[in-house]
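# A closer look at the structure
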Amino acid sequence: MLYRVTMILFAISMLLSAEEITLPVHDIKITGNKTHETSKLYKVLNVETKSFWQFWKKEDPKIYDKLIPTLDQSLQSFYDSEGFYDAKFEIKETNTTLYLNIKENNPVRINEINVTSDYDLSPYITFKKQERFRAEKFIEIKNSIIEALLAAGYCSYDLDTKAYVNLEKQKADLKYSVRKGELCHFDKTYIKGLESIDEEVVLSRIVATEGSRFDPKRIKESYANLYQLDVFDSVMINYDRKFYNKIPVDITLKETEKPYHTELGLGFDTYLGLRTHGTLVKKNFMGNAQKLTLKAQWSQKEYLGSLDFFKPALFDIRGYSIDFMSKTGYSNLEYPGFTEEKSYLRVCVGHERGRLRLKSGLVLENIDIALLDNQDGSVTLEQAVNEGNFLLFYPYIDLIYDARDDRLNPTEGYYLSSYLEYGLPYSADASTYLKVQLEGRYIYSIDKLTLAAVAKTGVVDQFDREVPESKLFFAGGAYFNRAYGFREIGVILSPTKDSIEGASTMLNLSLEADYPVWGDIYGAIFTDNTMLNDESYDYTGDIITSAGVGIRYMTPIGPFKLDVGVNVNDPSQYGISFQVGQSF
């Protein structure tokens, strides 16, 4: 044991004392380029430059000496692909610097575009006469046509694309010929690899169903649905067989070999402060892709624990698979003026297919509302906050139609959602009420600029006995007025002042514009406008308006966003929020 420790320490000391190995380089200076920016040529030639974060450094581009012998060939290949077949390059090298002068000369331009097709290609052929011919764009157009034909269900198309380039006359004639053929449809689904999971569970996640029109997006969605079950280590869906325009779907699955998943985390939330959380998941619990999840979380303002059970494909209604979910738990959450201690049991059924998500169920909640001792006496707390113990029993329905092109970072589309719950009068002391929430989002992009609008409204109508304060509406946070922390805004008294009381009527409108400023870094400007009124169905109250700026960094799992919002009528009131994923 001592010998092993000694050897490890020796290896570490050798690594720490070893000198950094540096490859020989030359400074590089590029001149003569007119069509392409120098930064673009740096990327083509693998030139080392400072990163975006090193803004304090002087630009000092360098090229590795080992790349110099291939420099002329790399430049020629790039300029050929950009239509400059007659480009010339002058390369001079000193002991320290490589000088590159580019003479682009005249490019090849498009002379004729001939199209013969029984399918409309006008949205995809974006070349114009006298435009510079680019091989990359020519290939992109071909791929776009193929994708469009497949998306429309034509898998038996005949496509012929050619570019006749005349270097002497510096012109190119383009030819596009398409015969779309007959529509294709999916055939039967064949499944292999199942051991403890019934085929019905897998089929409930397949949207490339027998008889449906062929579309590769259905295959992609089926992949996502199967992986979402979290019980397969690998999923393979093949659709390369074709019989008279019918395409069988062959699915090969491998069930997970690690049924347990544990997660521990430590982080900071802009509202909750320092927080820790832990999760234990039992995948494929008792077979058939069932899942059991135990969660626990502690923070400065909230602690909670919950046990979730999920059973896919409980039953089927006219071809629509229905899942079952249940959740029981306990939470203790601090609001600005009170605390909510809650224990609950929730059972529901749901269906998710394509853009549609539907859940409906029953909830039993035992809620205790207690006032905090940190108020300044400016509000009559006994009148402002509905405190005490409440036992609620209510059915609810949650309906979402999501037509956005991406859930984490949408650039086009719209999103509609509606939520309704009704407090049942199970006894004389029961709170009887109706709570309704509606939301609509619209996202539209112009070139690289993304514009988004999000509108929300809600009403709590109390019929008999008041509801607990936490059932009313509060605003603030990354999704709901970014000049304030999460749920910090109560009933609005003026454009600069609010109370600790929850609102019976809510209205919110957010507008945002995002634009790339450097690589994967996007800048954003936004405004959030919120109205919270203590009377049901009353939309005449004051509005708190905030405006702000933000930064989005695009990562493989979605944009990481940081926003700073300020109340436009009171700049001393501001909020900082961060999250993964867009607010729209």
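Please read all numbers here as calculations on a predicted model, not as lab measurements.

## Here's the deal with the overall build of the chain
Within the chain, the regular secondary structure consists of seven helices and 28 strands. A total of 584 residues make up the chain; the buried ones form 39% of that total. A fraction of 55% describes how many contacts in the chain between residues 6 or more apart in sequence connect residues 24 or more apart. Accessible area of the chain: about 32700 Å², with a carbon and sulfur share of 55%. Side-chain charges in the chain split into 66 positive and 83 negative, and the spacing between the mean points of these groups amounts to 8 Å.

## Quick look at the pairing of strand β16 (residues 338-353)
Two faces make up the sheet, and in a regular strand the side chains alternate between them. Here strand β15 (residues 320-334) pairs with β16 via twelve bridges, running antiparallel. Of the residues in β16, the one forming a bridge with Leu-333 is Glu-340. Turn length for the β15-β16 hairpin, with the two strands adjacent in sequence and antiparallel, is three residues. As paired strands, β16 and strand β17 (residues 356-371) are joined by 16 bridges and run antiparallel to one another. Looking at the pairing, Lys-342 lines up with Ile-367 of β17.

## Section: the state of the cysteines
Considering all chains together, one arrives at one disulfide under this definition. Here Cys-155 connects covalently by a disulfide to Cys-184, the sulfurs 2.0 Å from one another. Since a negative S-S torsion denotes a left-handed disulfide, the Cys-155-Cys-184 link at about -90° is left-handed. Taken as a pair, Cys-155 in the loop between α4 (135-151) and β6 (158-166) and Cys-184 in the loop between β7 (171-179) and β8 (185-192) lie far apart in primary sequence, 29 residues in all. Both residues of the pair, Cys-155 and Cys-184, belong to the buried class.

## Things to note about the packing of aromatic side chains
This model, assessed by the stated rule, comprises 20 aromatic pairs. A ring pair is formed by Phe-78 and Tyr-79, whose centres lie 5.4 Å apart and whose planes are at 85°; its orientation type is edge-to-face. Tyr-79 matches Phe-78 in its accessibility class, with the two residues each being buried. Where Tyr-335 meets Phe-474, the ring centres are 5.2 Å apart and the plane angle is 50°; that geometry is what we call tilted. One end of the pair, Tyr-335, is in the loop between β15 and β16; the other, Phe-474, is in the loop between β21 (449-464) and β22 (492-494), and 139 residues separate them in sequence. Summarising the burial analysis for this pair, Tyr-335 and Phe-474 share the class buried. Through a chain of ring-to-ring contacts, three or more aromatic side chains come together here, namely Phe-78, Tyr-79, Phe-84 and Phe-89. If you follow Arg-346 out to its NZ or CZ, it ends over the ring of Tyr-396, 5.2 Å from the centre.

## Concerning the confidence of the model for the chain
Of all residues in the chain, 93% have pLDDT values of 70 or greater, and the mean over the chain is 90. Note that pLDDT drops below 50 for residues 1-9; the model gives that stretch zero contacts with residues more than four away or on any other chain. Counting interchain partners and residues more than four positions distant, the pLDDT-below-50 stretch residues 14-21 has zero contacts.

## Quick notes on the sheet that holds strand β10 (residues 246-255)
Across the sheet, which stays open at both edges, the three strands sit in the order β8-β10-β9 with mixed pairing between neighbours. The open sheet is flanked by β8 and β9 (232-238), the only strands paired with a single partner. Between one strand axis and the next, the sheet turns through 20° on average, direction left out of account. When β9 meets β10, the two strands line up antiparallel, connected through six bridges. Note that in β10 the partner of Phe-232 across the bridge is Glu-255. Sheet strands touched by helix α6 (residues 216-228): β8, β9 and β10. Its angle to β9, the strand with the most contacts, is close to 165°.

## Let's talk about α4
Given a rise of 1.5 Å per residue, 17 residues ought to cover 24 Å, and the 24 Å separating the end C-alpha atoms of α4 matches this to within 8%. Those residues of α4 that fall on the buried side of the exposure criterion are Lys-137, Phe-138, Ile-141, Ile-145, Ala-148 and Leu-149. End-on, the buried residues of α4 take up no more than an arc of 115°, which puts them together on one face. On its buried side, α4 packs onto β6 and β7. Looking one or two residues past α4, Gly-153 carries a phi angle of roughly 100°, positive in sign.

## Here's the deal with the environment of Val-459
Here Val-459 shows up in strand β21. Judged by its relative accessible area of 9%, Val-459 is buried. As for Val-459 and Asp-538, which are separated by 79 residues in sequence, their C-alpha atoms are 9.0 Å apart. Here Val-459 is in contact with Leu-434, Lys-435, Val-436, Phe-473, Ser-504, Thr-505, Ser-536, Tyr-537 and Tyr-539, once residues within four sequence places are set aside.

## Let's talk about the nonpolar core
Leu-226, Leu-229, Phe-232, Ile-251, Leu-253 and Leu-532 are the most contacted members of the largest nonpolar core, which totals 56 residues. Setting aside residues up to four positions removed in sequence, Phe-232 forms contacts with Leu-194, Ile-197, Val-202, Leu-226, Tyr-227, Leu-253, Lys-254, Glu-255 and Thr-256. In terms of nonpolar packing, the next biggest core, distinct from the first, is built from 18 residues, Phe-78, Tyr-79, Ala-87 and Ile-102 among them.

## Thoughts on the pattern of salt bridges
In this structure the tally under the stated criterion is 32 salt bridges. Between Asp-563 and Arg-552 there is a salt bridge; the shortest N-O distance is 2.6 Å. Here Asp-563, found in strand β27 (residues 558-567), pairs with Arg-552, found in strand β26 (residues 544-555); they are eleven residues apart in sequence, far enough to count as distant. Between Lys-561 and Asp-563 there is a salt bridge, with the nearest N and O atoms lying 3.3 Å from each other. The network of salt bridges with common partners includes Arg-482, Glu-512, Asp-514, Asp-528, Arg-552, Lys-561 and Asp-563.

## Observations regarding the sheet that holds β7
In space, the three strands of this open sheet follow the order β5-β7-β6, with mixed pairing throughout. Each end of this open sheet is capped by a strand with a single partner; those strands are β5 (109-117) and β6. In this sheet, neighbouring strand axes are inclined to one another by 10° on average, regardless of whether the strands run parallel or antiparallel. Pairing of β5 with β7, which is carried by eight bridges, proceeds in the parallel orientation.

## Concerning the side chain of His-26
With respect to the helices, strands and loops of the structure, His-26 is situated in strand β1 (residues 25-31). In this structure His-26 comes out as buried when scored by relative accessible area, which is 5%. A polar contact of 3.4 Å, which involves the side chain of His-26, links it to the backbone oxygen of Asn-95.

Basis of the calculations
- Residues numbered from 1 in each chain as written.
- Predicted model: local features only at pLDDT ≥ 70, side-chain atom pairs only at ≥ 80, totals over all residues.
- Heavy atoms only, no water.
- Helix = DSSP H or I, 4+ residues; strand = E, 2+ residues; numbered from the N terminus.
- Buried < 20%, exposed > 50% of the residue type's maximum accessible area, 1.4 Å probe, protein only.
- Contact = heavy atoms within 4.5 Å.
- Areas by Shrake-Rupley, 256 points an atom, 1.4 Å probe, with all protein chains shown as cover.
- Lys, Arg positive; Asp, Glu negative; His and termini not counted.
- Charge placed at Lys NZ, Arg CZ, Asp CG, Glu CD.
- Pairing = 2+ DSSP bridges.
- Disulfide = S-S within 2.5 Å.
- Phe/Tyr/Trp six-rings, centres within 6.5 Å; stacked < 30°, edge-to-face > 60°.
- Lys NZ or Arg CZ within 6 Å of the ring centre and 35° of its normal.
- pLDDT = per-residue confidence, 0-100.
- Axes fitted to C-alpha atoms, helices over the stretch in contact; angles between N-to-C directions.
- Expected span 1.5 Å × (residues − 1).
- Arc of directions from axis to C-beta.
- Core = buried A, V, L, I, M, F, W, Y, C linked by side-chain atoms within 4.5 Å.
- Salt bridge = Lys/Arg side-chain N within 4 Å of Asp/Glu carboxyl O.
- Polar contact = N/O pair within 3.5 Å; in protein donor to acceptor, adjacent residues only side chain to side chain.

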